[in-house]
Each structure stands twice: as C-alpha cells, then as structure tokens.
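Notes for the structure review
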Amino acid sequence: MSKIKGAVIIDTDRCKGCALCVAACPFGLLEVAPRRVNRKGYPYVIQHDDDRCTGCASCGIVCPDGCIEIYRTKTED
Amino acid sequence: MTREDIIQPQNLVYAKPSLMNDVGMHYCPGCSHGVVHKLIAEVIEEMNLADKTIGICPVGCAVFAYRYLDVDWLEAAHGRAPAIATACKRLWPDRLVFTYQGDGDLACIGTCETIHALNRGEKITLIFINNAIYGMTGGQMAPTTPLGMKTATCPYGREAELHGYPLNITDMAATMPGTAYVSRQSVHNVAAIRKAKRAIRKAFENSMNGRGSNMVEILSTCNAGWKMTPLKANQWMEENIFKLYRLGDLKDE
C-alpha cells in the first residue's frame, strides 16, 4: 500500500514562536522548543515527531513569516 | 524512507514565495500582515506580473511592506494611497496597481480618498487590513472598533453614545456603482486563507481587465494591540468580530 510521507524544514532564525502552526498541524507534530530562543531572542518551533507528517502544508500556509518549507512524497511498502 | 530522501527539490510542495525577500519582517509574532503579504506575493507570482506590479504602501504597521515584497512600491502620505494608485493606473494602464492599507489609513484619515477612488471606478485594488484597532501606535480605538471592545482610548469598552458606531466601509463600498468586486475575508485558518487568496486573485484579475475598482477586506488580528496570544486572538476574532463584519463576497459583477 502506498503511503504519503512528508517533511518540514523550519527556518528557526526567522521563526517568532507565534505557535499558529502548532495549532494548525492536524497531527500535533509541532511544538515550541522548550527553554530555547533564536538569535533574535524569540522562542521557535520545532517538529518533535517527523514520522507521521503527511506534508499537508497546513503549518506552512498559516505561518505569517514564511518560515516553513514542506516536502511530500509517496512511498510504496 | 529517511528524511533526507523526502527532502528533495522535486518533492517541494510549499515554501516562502520567491517574491518575498529574505529580510525578516518587523511584525509582531502571529500578526496577520505576514500571511496577507505571502498571499499577495503568491498571486502576483501565479499571474506572472512581478515586473508589472506597483504597490502603494500605507502609513501604519505595513509602512515597510516595500522591504518585504520584491515588486515596485510607492510610499503614500497617510491615507492617500488610493489617490497615488489612481495616478499610477492612469499613467500606466497596463500595470497591476494595488494599495495595501490598514483600517486607520483607509477607514479613518483616508476615508475621502478611499470612497472617491472606489466610486470613480478606478481600475485598482484596495487590500484593506481590518484589525479593529490602531496597531502601530499602541492599540487605540479605530473607526472600525466594535461596540464594547476595550482599547487604550476606550478602556471601559466602546460606547455608541460617546464614541459613535463602528464604520463599515466595505459594505459602503459594495453599494457604490464604481466598484466591480468587493469581498470580506479573513486569514485565521487554512480554509479562510485559501478563500482570501482566491478573492485577492479575482480582484487583481478584475483590475487588470479594467473592470472597475476592487476592494478586498481582510479581517485580521492584532494580538499585541488586543493583549492576547495569537491563538486567543484568532478565537476572539471568530467570536466577536465576525458578528459585526459578515464574511464573503459583498459584490461581484
């Protein structure tokens, strides 16, 4: 059966930690990195589980700063 | 399949639009301006009009919009963007001319320019970011602030007796004979963002086809001015602002 696999790259230097993507992810795979800030002093978002990502692009669409790049592909297993 | 196998150029499905510059935006975290900037960049890119677009910047939070999108921009005096857009479009009829204005710029100090440019049927598009507050100056009451909303200059909530009623300038625009397409959208979730993009595309196509003036109002959040988290601001907007300002196309001819 084919399965859709996705991956995201978050530009953590551009991210401001607004967490809109955290709420937009249908699987809850994103989180604000605990107790970390980027070079501008903002908290930033990381993906804590990349196994279940389907590359639906919800996080990228809602991101106000355009920090998220999304890749998607089909696997046959 | 490893993460490295998925991250290949041919698998890219979404990224920051290429018309958006790499310079970091000055907007507060979670501000709706960024989403609307992205939508405008995507629409211009899809319409292949990057070399033929002239945007007019407002005064307000979006005053630095010219730093973020890689198209030609002009900076207008406070509220005068529709007047400058009129001149641009009349001198270069083949260009896509749009203004990008907030509610303090478009609905308060620039009411005269807005109403007359729309009513003359200039072939321009007005993108109206309505966050019901003066964001840049620190959250004062705007003409579009709903009754009962607390701001720095109406700390007990807006009262009709004292402050008058909220100004619904988009509904006003829909009644004008000069407008071709008037729409009100929001960008609080994925579905709404997709709809807003379609509305912006339609407005831009109309103004390129010379079909009267177009206005797209985007209901936005100002989480810093509203003193809320970005998520809470979205919820608050759904509960309170959507009651006053109806979403959807108000006029489509």
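Read on for an overview of the structure. The numbers attached to residues start from 1 for each chain and follow its sequence in the written order. Numbering of ligands from 1 and lettering of chains from A proceed in the order in which they are written. A pLDDT threshold of at least 70 governs which residues receive local features in this predicted model, and a stricter bar of 80 or more applies before side-chain atom pairs are shown or counted, although totals over entire chains, interfaces and linings include all residues. Side-chain figures throughout are based on the complete set of non-hydrogen atoms in the structure, without hydrogens or water.

**Re the overall build of chain A**
- What chain A contains, in helices and strands, is two helices and four strands.
- Secondary structure counts use DSSP, requiring at least four H or I residues in a row for a helix and at least two E residues in a row for a strand, with both numbered from the N terminus. Ordered by position from the N terminus, the helices and strands of chain A form the series β-α-β-β-α-β.
- The principal-axis extents of the C-alpha atoms in chain A amount to approximately 45 × 20 × 20 Å.
- To sort residues, take the accessible area from a 1.4 Å probe on protein chains only and compare it with the maximum for the residue type: under 20% means buried, over 50% means exposed, and anything in between is partly exposed. Residues counted as buried form 51% of the 77 residues belonging to chain A.
- Between two residues, a contact is recorded if the distance between any of their heavy atoms is within 4.5 Å. Sequence-distant contacts, at least 24 apart, represent 65% of the contacts inside chain A between residues at least 6 apart.
- In this description, accessible areas are obtained by the Shrake-Rupley approach with a 1.4 Å probe, and a residue is regarded as covered only by the protein chains that are shown. When the accessible surface of chain A is summed, it comes to about 3,900 Å², and 49% of that surface belongs to carbon and sulfur atoms.
- The sign given to each residue is positive for Lys and Arg and negative for Asp and Glu; His and the chain ends receive no count. Just so you know, the charge point we use is NZ for Lys, CZ for Arg, CG for Asp and CD for Glu. Of the side-chain charges in chain A, 11 are positive and 10 negative, and the distance between the mean point of each set is 5 Å.

**A closer look at the state of the cysteines**
All names here are of chain A.
- Throughout, a disulfide means two cysteine sulfur atoms within 2.5 Å of one another. Here the structure, examined in full by the defined rule, presents zero disulfides over all chains.
- Cys25 forms no disulfide, and the closest cysteine sulfur to it belongs to Cys56, at a distance of 6.3 Å.
- Residue Cys25 is classed as buried on the basis of its relative accessible area of 15%.
- Cysteine Cys56 remains unbridged, with the sulfur of Cys59 as its closest cysteine sulfur at 6.3 Å.
- Using a relative accessible area of 32% as the deciding quantity, one classes Cys56 as partly exposed.

**Here's the deal with the sheet that holds strand E6 (residues 179-186) of chain B**
All names here are of chain B.
- At least two bridges found by DSSP between two strands are what make those strands a pair. Strand order in the open sheet made by the seven strands is E3-E2-E4-E5-E7-E6-E8, with mixed pairing throughout. Across the chains shown, the open sheet's two edge strands, defined by having one partner strand only, are strand E3 (72-75) and strand E8 (248-252). Put simply, the sheet's adjacent strands are angled 15 degrees from each other on average, direction ignored.
- Pairing of strand E5 (residues 125-130) with strand E7 (residues 213-219), which is carried by six bridges, proceeds in the parallel orientation. Each residue of the ladder has a partner; that of Asn130, found in E7, is Leu219.
- A fitted line through C-alpha atoms represents every axis, and for helices the fit uses only the stretch in contact; the resulting angles, taken between N-to-C directions, go from 0 to 180 degrees. Along the sheet, helix H4 (residues 81-91) contacts strand E2 (53-57), E3, strand E4 (96-102) and E5; its crossing angle with E4, the most-contacted strand, is approximately 175 degrees.

**Quick notes on helix H2 (residues 32-46) of chain B**
Residues and elements named next belong to chain B.
- Helices are assigned an expected span. That span is 1.5 Å times one less than the residue count. Between its first and last C-alpha, H2 extends 21 Å over 15 residues, near the 21 Å set by a 1.5 Å rise per residue.
- Among the 15 residues that make up H2, 13 are buried, leaving the element largely enclosed by the rest of the structure.
- Immediately beyond the C-terminal end of H2, within one or two residues, lies Asn48, with a positive phi of roughly 60 degrees.

**So, the sheet that holds strand E4 (residues 68-76) of chain A**
- What the three strands build is an open sheet, ordered E1(A)-E4(A)-E1(B); its pairing is antiparallel. A strand with exactly one partner marks an edge of an open sheet, and here the two such strands are strand E1 (2-10) of chain A together with strand E1 (12-14) of chain B. The sheet shows a mean angle of 35 degrees between the axes of neighbouring strands, direction not considered.

**Concerning the packing of H2 of chain B against helix H9 (residues 190-208) of chain B**
All names here are of chain B.
- Relative orientation of the contacting elements H2 and H9 amounts to 50 degrees, with a least axis distance of 10 Å. Judged by the angle between their axes, H2 and H9 are oblique. Here H2 and H9 pass one another in a crossing that is right-handed. Touching Val35, Leu39, Ile40, Glu42, Val43, Ile44 and Glu46 of H2 are Ile193, Ala196, Lys197, Ile200, Arg201 and Phe204, all from H9.
- Considering only residue class, the contact of H2 with H9 consists of nine nonpolar, no polar and four charged. Angular relationships are summarised with four words: roughly parallel below 35 degrees, roughly antiparallel beyond 145, roughly perpendicular across 65 to 115, and oblique for the angles in between. Put simply, a crossing is left-handed when the front helix is turned counterclockwise from the back one by less than a right angle, and right-handed when it is turned clockwise. As a working rule, the residues Ala, Val, Leu, Ile, Met, Phe, Trp, Tyr, Cys and Pro are called nonpolar, Asp, Glu, Lys and Arg charged, and the rest polar, with Gly in that last group.

**Points about the interface of chain B and chain A**
- Between chain B and chain A, the residue contacts involve 33 residues of the former and 32 residues of the latter.
- Accessible area, probed at 1.4 Å, shrinks when two parts are joined; the buried area is that loss added up over both. Interface of chain B and chain A: buried area, both sides summed, is about 2,600 Å²; carbon and sulfur atoms make up 66% of it.
- The largest share of the area that chain B buries against chain A comes from Arg3, Ile6 and Tyr14 of chain B, three residues that together contribute 21% of it.
- By salt bridge we mean one thing: a side-chain nitrogen of Lys or Arg within 4 Å of a carboxyl oxygen of Asp or Glu. The tally of links from chain B across to chain A stands at zero salt bridges.
- Under the rule applied, a polar contact is a pair of N or O atoms within 3.5 Å (in protein, one hydrogen donor and one hydrogen acceptor; residues adjacent in sequence only if both atoms are side-chain atoms). Joining chain B to chain A, the criterion identifies 11 residue pairs in polar contact (both at pLDDT 80 or more).
- Contributions of two or more residues to the side of chain B that touches chain A are made by helix H1 (3-6), E1, H2, H9 and helix H11 (230-244) of chain B.
- Residue composition of the side of chain B that touches chain A, grouped by class: 19 nonpolar, nine polar and five charged.

**Regarding the pairing of E4 of chain B**
All names here are of chain B.
- Counting buried residues along E4, seven of its seven residues qualify, which places the element largely inside the surrounding structure.
- Both faces of E4 are covered, namely the face carrying Leu96, Phe98, Tyr100 and Gly102 and the face carrying Val97, Thr99 and Gln101.
- Pairing of E4 with E5 involves five bridges; the strand directions are parallel. By the bridge assignment, Gly102 is partnered in E5 with Ile129.

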